[in-house]
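# An overview of the molecular structure
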Amino acid sequence: MNNWYMVTLVGRDQKGIVSRVTKALFEGGCNLGEASMMRLGSNFGVMLMVGSDSAVSTIESLIQPVAKSLGLMVHIDAVDGNKRDHPQPNVDISVYGADKAGIVAEVTGLLAEVGLNIIDMQTVVAGSEERPIYIMQIDGHSDESVDRLRAAIEPVIAQGIEVQINDIETMIG
Amino acid sequence: MAILEILEYPDERLKQVSERVTDFGDELQLFLADLEETMRAGPGGVGIAAAQVGRFQRIALVDCSVTRKPVPNHGFMVLINPEITQWEGMKVGREGCMSVPDYTGNVIRAEKISFSAQDASGETIEYECEGYEARAVQHELDHLDGMIFLDRLVSRNKDLFRRKVYK
């Protein structure tokens, strides 16, 4: 596989999106790399690394018929290859509180200042419609101690937002 | 002494169930030395099972005295014919394996375990382990039954306590 593409698909969630998209790519001679797919709100989002010897126009022509019939928006970018390149997280961070604008920017801003690298992050808006709550889970890598990260996030905690920061001590056996 | 070759999944030998050790002679002692050297050569490795180097006997080594942050530990343990007798509590933690390079994932393990194992001379010793060390022992003992941590992966979002019912 000479070329790698990041294929992004977004549309209303429905059954069969993953199977139909991946089948079209497989039958078109593509090799699938890493992927992350999830339902966000009532939408389904796909980020999929696709390896192929073909040009981007070929990938497009494989995906477009399926995407059209499923009502999905498609975006394709050429990216770096599917290298073995997995930084392992050493800290996990959970944040929750009453939903309000700016939580993510503030939390991640303070953590970025002390050098946290976010490897994986998921957020959900839950609770009732009248009193929504915001829940954020981050796996990251930090050269700083957990205590240092906690100190950095203090202004957020002072606002009544709950933050838990824990070491991830990976056991290699 | 020699560093032994580590079997890597999808080598199907990793799924093989190991046999009990009956001979504690010189050959075993030489093998244990090689196995220890192999464990210590792996980046960050705190445990190894004989099955990981293609010797299908119920032998595991664990040493949690070398972690980045100190954890309760028994130092270097030679575990031959180990048997877990008690499990207590459950906890999600992150694991990796020398037989599955470049991947770590979340696995549920007992927080505390009691077990017995023979040492290099064949003497039976009783242990109680907790936390990280208990995790390492359970991970290595799985290898003796042909299991790897990929068999026990749980979703990253799986929270053990989410289903707890508050009265």
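Residues numbered from 1 in each chain as written. Chains lettered and ligands numbered in written order. Predicted model: local features only at pLDDT ≥ 70, side-chain atom pairs only at ≥ 80, totals over all residues. Heavy atoms only, no water.

### Digging into the overall build of chain A
- Of the regular secondary structure elements, chain A holds five helices and nine strands.
- Secondary structure elements of chain A, listed N to C terminal, follow the sequence β-α-β-β-α-β-β-α-β-β-α-α-β-β.
- Scaling as 2.2 N^0.38, a compact globule of 173 residues should have a C-alpha radius of gyration of about 16 Å, whereas chain A reaches 20 Å, well beyond that.
- Taken along the three principal axes of its C-alpha coordinates, chain A extends 55 × 45 × 30 Å.
- Every one of the 173 residues in chain A was classed for burial, and the buried ones make up 33%.
- Looking at chain A alone, contacts between residues at least 24 apart form 70% of all its contacts between residues at least 6 apart.
- Element-wise, carbon and sulfur atoms account for 50% of the exposed surface of chain A, whose accessible area totals about 9,700 Å².
- Distance from the positive charge centre (12 side chains) to the negative charge centre (23 side chains) of chain A: 11 Å. (Helix = DSSP H or I, 4+ residues; strand = E, 2+ residues; numbered from the N terminus. Rg over C-alpha atoms; globule rule 2.2 N^0.38 Å. Buried < 20%, exposed > 50% of the residue type's maximum accessible area, 1.4 Å probe, protein only. Contact = heavy atoms within 4.5 Å. Areas by Shrake-Rupley, 256 points an atom, 1.4 Å probe, with all protein chains shown as cover. Lys, Arg positive; Asp, Glu negative; His and termini not counted. Charge placed at Lys NZ, Arg CZ, Asp CG, Glu CD.)

### What about a negative patch on the surface?
Residues and elements named next belong to chain B.
- Side chains of Glu88, Glu111, Glu128 and Glu130 sit close together on the surface and give a patch of like negative charge.
- Considering the arrangement of structural elements, one finds Glu111 in the loop between strand 5 (100–109) and strand 6 (112–118).
- The exposure class assigned to Glu111 is partly exposed, which follows from its relative accessible area of 36%. (Patch = residues over 30% accessible without salt bridge, like charges linked within 9 Å, V, L, I, M, F, W, Y side chains within 5 Å. Salt bridge = Lys/Arg side-chain N within 4 Å of Asp/Glu carboxyl O.)

### Digging into the pattern of salt bridges
Residue and element names in this part refer to chain B.
- Evaluated as defined, the whole model comprises 18 salt bridges over all chains.
- Here Asp145 and Arg58 are joined by a salt bridge, their closest N and O atoms 2.8 Å apart. Of this pair, Asp145 sits in the segment after helix 2 (131–144) while Arg58 sits in the loop between strand 1 (47–49) and strand 2 (59–63), and the two are 87 residues apart along the sequence.
- Judged by its relative accessible area of 40%, Asp145 is partly exposed.

### So, the interface of chain B and chain A
- Taken together, the contact pairs 23 residues of chain B with 17 residues of chain A.
- Summed over the shared surface of chain B and chain A, the number is three salt bridges.
- Of the charged contacts in the structure, one is a salt bridge between Lys69 of chain B and Asp167 of chain A, with a shortest N-O distance of 2.6 Å.
- Summed over the shared surface of chain B and chain A, the number is nine residue pairs in polar contact (both at pLDDT 80 or more).
- Breaking the side of chain B that touches chain A down by element, the ones donating at least two residues are strand 4 (91–97), strand 5 and helix 2 of chain B.
- Counting residues per element, the side of chain B that touches chain A draws most heavily on helix 2 of chain B, at five residues.
- For the side of chain B that touches chain A, a count of residues per class yields seven nonpolar, eight polar and eight charged. (Polar contact = N/O pair within 3.5 Å; in protein donor to acceptor, adjacent residues only side chain to side chain. Nonpolar A, V, L, I, M, F, W, Y, C, P; charged D, E, K, R; others polar.)

### Concerning the environment of Gln29 of chain B
Residue and element names in this part refer to chain B.
- By secondary structure assignment, the location of Gln29 is in helix 1 (residues 26–41).
- The spatial distance from the C-alpha of Gln29 to the C-alpha of Ser121 is 8.7 Å, given a sequence separation of 92 residues.
- Residues within four places of Gln29 in sequence aside, it is in contact with Phe24 and Ala120.

### Remarks on the nonpolar core
- Formed by 22 residues in total, the largest nonpolar core has its most connected members in Met77, Leu79, Ile113, Phe115 and Val137 of chain B.
- When residues of this core are traced back to their parent elements, those giving at least two are strand 2, strand 3 (76–88), strand 6, strand 7 (124–130) and helix 2 of chain B.
- Looking at this core, the element that brings in the most residues is helix 2 of chain B, giving six residues.
- Residues in contact with Phe115 of chain B, not counting those within four places in the same chain, are Met77, Leu79, Glu83, Ile84, Thr85, Ile125, Glu126, Tyr127, Cys129 and Val137 of chain B.
- Membership of the second largest hydrophobic core comes to 20 residues, among which are Val95, Leu111, Val146 and Leu149 of chain A. (Core = buried A, V, L, I, M, F, W, Y, C linked by side-chain atoms within 4.5 Å.)

### Focus: the side chain of Thr67 of chain B
All names here are of chain B.
- With respect to the helices and strands, Thr67 occurs in the loop between strand 2 and strand 3.
- Given a relative accessible area of 14%, Thr67 falls into the buried group.
- A polar contact of 2.5 Å, which involves the side chain of Thr67, links it to the backbone oxygen of Lys69.
- Every residue in contact with Thr67, bar those within four places of it in the chain, is listed here: Val46 and Tyr132.

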